[in-house]
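# Summary of the model geometry
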Amino acid sequence: MKPRAAGAWEAAQLLATVSLGLFLLLPVVALFATLSWSDFLGGLRDPLLAPALRLSLVTTTCSLAIVVVLGSLLAWRVARNPGRLSRWLEAVSQIPAVIPPAVAGVGLLLAFGRRGLFGAFLDRHGIALAFTTPAVVLAEAFVSAPFFVQAAIASFRRVDQNLLVVAGTLGASPFRTFLRVGLPLAAPGLVAGAAMSWARAVGEFGATILFAGNLTGRTQTMPLAVYTAMESDLRAAQALSIILVVAAFVLLFILRRVAPGAELPGSELRGA
Amino acid sequence: MLEIAVARRIGELDLRIDLALGRETVLVAGPNGAGKSTLLRLLLGVLSPDAGRIALDGEVLFDDVARIDVAVEERELAYLPQDYALFPHLDVMRNAMFGLAGLPREERLHRATEWLERLGVGNLSRRFPPGLSGGERQRVALARALARNPRALLLDEPFASLDPVARRELRVSLRGWLRSWRLPALIVSHDPADAVLADRIAVVEKGRVVQQGTLDELRQSAASSFVSGFVVRRD
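What you see is a predicted model; the values in this text were computed from it and never measured.

For the rest of this paragraph, the subject is unusual backbone geometry. Residues and elements named next belong to chain B. Despite not being glycine, Asn 149 has its phi angle at roughly 50°, a positive value. Mapped onto the elements, Asn 149 comes out in the loop between helix 4 (134-146) and strand 8 (152-156). Classification of Asn 149 by C-beta neighbours within 10 Å gives exposed; the count is 11. The phi angle at Lys 206 is positive, at roughly 50°, despite the residue not being glycine. By the element assignment, Lys 206 lies in the loop between strand 10 (200-205) and strand 11 (208-213). By C-beta crowding, Lys 206 is classed as partly exposed, having 15 other C-beta atoms within 10 Å.

For the rest of this paragraph, the subject is helix 3 (residues 105-118) of chain B. All names here are of chain B. Look at helix 3: 20 Å from first C-alpha to last across 14 residues, which is about the 20 Å you get at 1.5 Å a residue. For helix 3, the set of buried residues is Arg 108, Arg 111, Ala 112, Trp 115 and Leu 116. For helix 3, the buried positions fall inside an angular range of 130° around the axis, keeping them on one side. For helix 3, exposure combined with an orientation more than 90 degrees from the buried face picks out Glu 106 and Glu 107. Its buried side turned inward, helix 3 meets helix 2 (92-97) and helix 4. Positive backbone phi, at 80°, marks Gly 120, one or two positions downstream of helix 3.

Let us look at the interface of chain B and chain A. The partner chain A presents 14 residues to the 17 residues of chain B that form the contact. In terms of residues, the side of chain B that touches chain A owes the most to one element, strand 7 (residues 77-80) of chain B, which gives three residues. For the side of chain B that touches chain A, the per-class residue count stands at 11 nonpolar, two polar and four charged.

Conventions adopted
Here, residues in each chain are numbered from 1, in the same order as that chain's written sequence. Chain A is the first chain written and ligand 1 is the first ligand written, with later ones labelled in order. The model is predicted, so local features are restricted to residues of pLDDT at least 70 and side-chain atom pairs to those at 80 or more, both for listing and for counting; the totals for chains, interfaces and linings are taken over all residues. Every helix listed is a DSSP run of H or I at least four residues long, and every strand listed is a run of E at least two residues long, numbered separately from the N terminus. Residues with at least 20 neighbouring C-beta atoms inside 10 Å of their own are called buried, those with 12 or fewer are called exposed, and the rest are partly exposed, where every C-beta is derived from the backbone. Helices are assigned an expected span. That span is 1.5 Å times one less than the residue count. In this description, one arc is meant: the one made by directions from the helix axis to the C-beta atoms. Remark: residues whose backbone-derived C-beta atoms lie within 7 Å of one another are considered to be in contact. Residues are grouped as follows: Ala, Val, Leu, Ile, Met, Phe, Trp, Tyr, Cys and Pro are nonpolar; Asp, Glu, Lys and Arg are charged; every other residue, Gly included, is polar.

Written out as structure tokens, the structure reads:
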């Protein structure tokens, strides 16, 4: 390359790096920079905060438990049985990651709502899901499952097949092989996947508001509380947002300690 | 006594093997792609024969007619893959105890310790596999497999991942151990030097046993160019 062309190429990279880097950083900086301590503390006293925080913790814990338990078993099956069914299952498990959350909310309503495909059946047995706390859990589990499942499949695939055969010859049942060999060896990837999945569930907004509504104490999670607070008091919305950002940073920091080798945001997970 | 009569088609390979082992060591030799690894997988039970029968000490492990296919974990076979497959997240002692689940803890500890010591690696019990040499790994893997009192031993290229010095040393040790254990042992190898381990050699080519006998017998009348190449004197 000619010196001048090389110089232009260097400059283009530099410009892109600086502008995109600033663009990604600025909104986060703005959240912190434009709020005084007293406004922050005032925002923390907002009556929306406590119920939303509690609800977010409870529902994301439930959705994470569902996703991790069912997702691990599905991922193990897919990773251990290559074939058309597995490829199909893998694709299905990625659907929620590529459809817009609002569309997911409509879908959930049409599936589990009172007159939904499965909801009508539940309704006849006196079970109503839509606009309840369990609906929040379902919405969070739906949108966050792909993050865990994808990471779990990748980690399980990396477990040496020979170790599993040898575990079998040493008398271990398929379940014990999974528990004693597969799980521990895939653990770093599973932890990273669970964390990303949890982060996605905490931030879930679109599917929740459509399928579960925005009822304080019952279905109003942190992102919905931010949205509600915005209408009356920007400072309160900002304080709630800061709590979410700090939680995300703490999570990332812990992850780098717990699972240093694991893939973190962006490497194999698509953002929603 | 391990009796094998299996048929399996897999890709290009049309495997039909009849072989019987008493309390002796049989070396299964053959070029790459001859079906040696497939044979091991059929014996282990991770791959099912299309037809045939496998029996160990009179107990049927596989029989397509009687629809018997004993699960891997119930075959009581010891298997040593090429890389020894030690569990990297468990220390040597826990590796050795892995196959003893169901026994009281004292008994597990006792048996694992005994076998690790017998194979000369008792001092490594707190170490983890990634920090061991190839030779140490092989000894630990053998101890782990034998602590279960298996009924037969299957070794896949037992020295392929060792350096030449460790290879010579362990070959001598393994020959002694095999003589003392008196188990039916099947060693898959493409290395002619491994012939010294065996009472008998079975040469497999293109999925068939083309010749079997002692090293001397094979030398006297080699059935194929592979056999004559394999048994040629190197000393």
